[in-house]
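Summary of the model geometry
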Amino acid sequence: MRVLLVEDEVNIAGPLKQALTGEGLVVDVAHDGITGQWLATENPYDVVVLDIMLPGRNGYDVLRNVRAQQVWTPVLMLTAKDGEYDQTDAFDLGADDYLSKPFSFPVLVARLRALVRRGAPERPVTLTAGDLHLDPARHVATRAGTALQLTAREFAILHFLVRHAGDVVSKAQILDNVWDPTYEGGENIVEVYIGHLRRKIDAPFGTESLETVRGRGYRLHPVSSGPDT
């Protein structure tokens, strides 16, 4: 198993490389983001261990750029930061796993082996449904090349719908995935936001891509349809 370790702290990278090598892994080390990105895109690794706080280029940008070049090698983010938003950012950019320092070495090895077994399926940074394009990491949405001005809640709903494009999703599913778990209001709030979204993603473009499926929920059509279709 060939591993790329991108870690700027020598006192961590050195012992970690030695320990991983002792487990029978072949390990290359980069101490900055620019070198790490070059190695990740130029060499066939089985897995990448990527720190977030790196000189030259941070781990988020390295990951974004690697995925943009359609390199789908599994990536485990390794960092001292442990906030849930940091984890969310990493996963939105295409990370496969996340481990905070200090960490257990056996746990790290087990996770790396699990990632390799899982393989490297494509996971585009930008999500698409017809001419709708979403970049969750940059919080940018466009339709037919035109930027959409969405609130945070509208973007979150559209993100969920695009991920499930072509499928019918219920109001309950949208609430569970977009609203805070402590929300105690009714499901009708979803109808209100669906109306907002239609006025922004369909009405200006003469499309009817966001369908109401009576009694079941909503469906976002992957291919935009005109009002007469």
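Calculation criteria
Residues numbered from 1 in each chain as written. Predicted model: local features only at pLDDT ≥ 70, side-chain atom pairs only at ≥ 80, totals over all residues. Heavy atoms only, no water. Helix = DSSP H or I, 4+ residues; strand = E, 2+ residues; numbered from the N terminus. Buried < 20%, exposed > 50% of the residue type's maximum accessible area, 1.4 Å probe, protein only. Contact = heavy atoms within 4.5 Å. Areas by Shrake-Rupley, 256 points an atom, 1.4 Å probe, with all protein chains shown as cover. Pairing = 2+ DSSP bridges. Axes fitted to C-alpha atoms, helices over the stretch in contact; angles between N-to-C directions. Salt bridge = Lys/Arg side-chain N within 4 Å of Asp/Glu carboxyl O.

Under an unreviewed UniProt entry, the name given to the protein is Response regulator transcription factor, and the organism recorded is Terrabacter terrae.

1. As for the overall build of the protein
The helix and strand tally for the protein stands at eight helices and 12 strands. In the protein, which comprises 229 residues, the proportion classed as buried is 40%. Relative to all contacts within the protein whose residues are 6 or more apart in sequence, the contacts with residues 24 or more apart total 55%. A total accessible area of about 11600 Å² is found for the protein, and carbon and sulfur atoms account for 50% of it.

2. Some points on the sheet that holds strand β8 (residues 140-143)
If you trace the four strands from one edge of the open sheet to the other, you get β6-β7-β8-β9, paired in antiparallel fashion. Two strands in the sheet have a free side with no partner beyond their single neighbour: β6 (127-129) and β9 (146-147). Sheet strands in contact with helix α6 (residues 152-163) are β6, β7 (132-135) and β8, and its direction is about 115° off that of β7.

3. Description of the pattern of salt bridges
Side-chain pairing between opposite charges can occur once the charged atoms of the two side chains come close. Applying the stated criterion to the full structure yields nine salt bridges. A salt bridge links K171 to E191; the shortest N-O distance between them is 2.2 Å. Residue K171 is found in helix α7 (residues 171-178), and its partner E191 is found in helix α8 (residues 188-201); the two are separated by 20 residues along the sequence. Here K171 falls in the buried class, since its relative accessible area comes to 19%.

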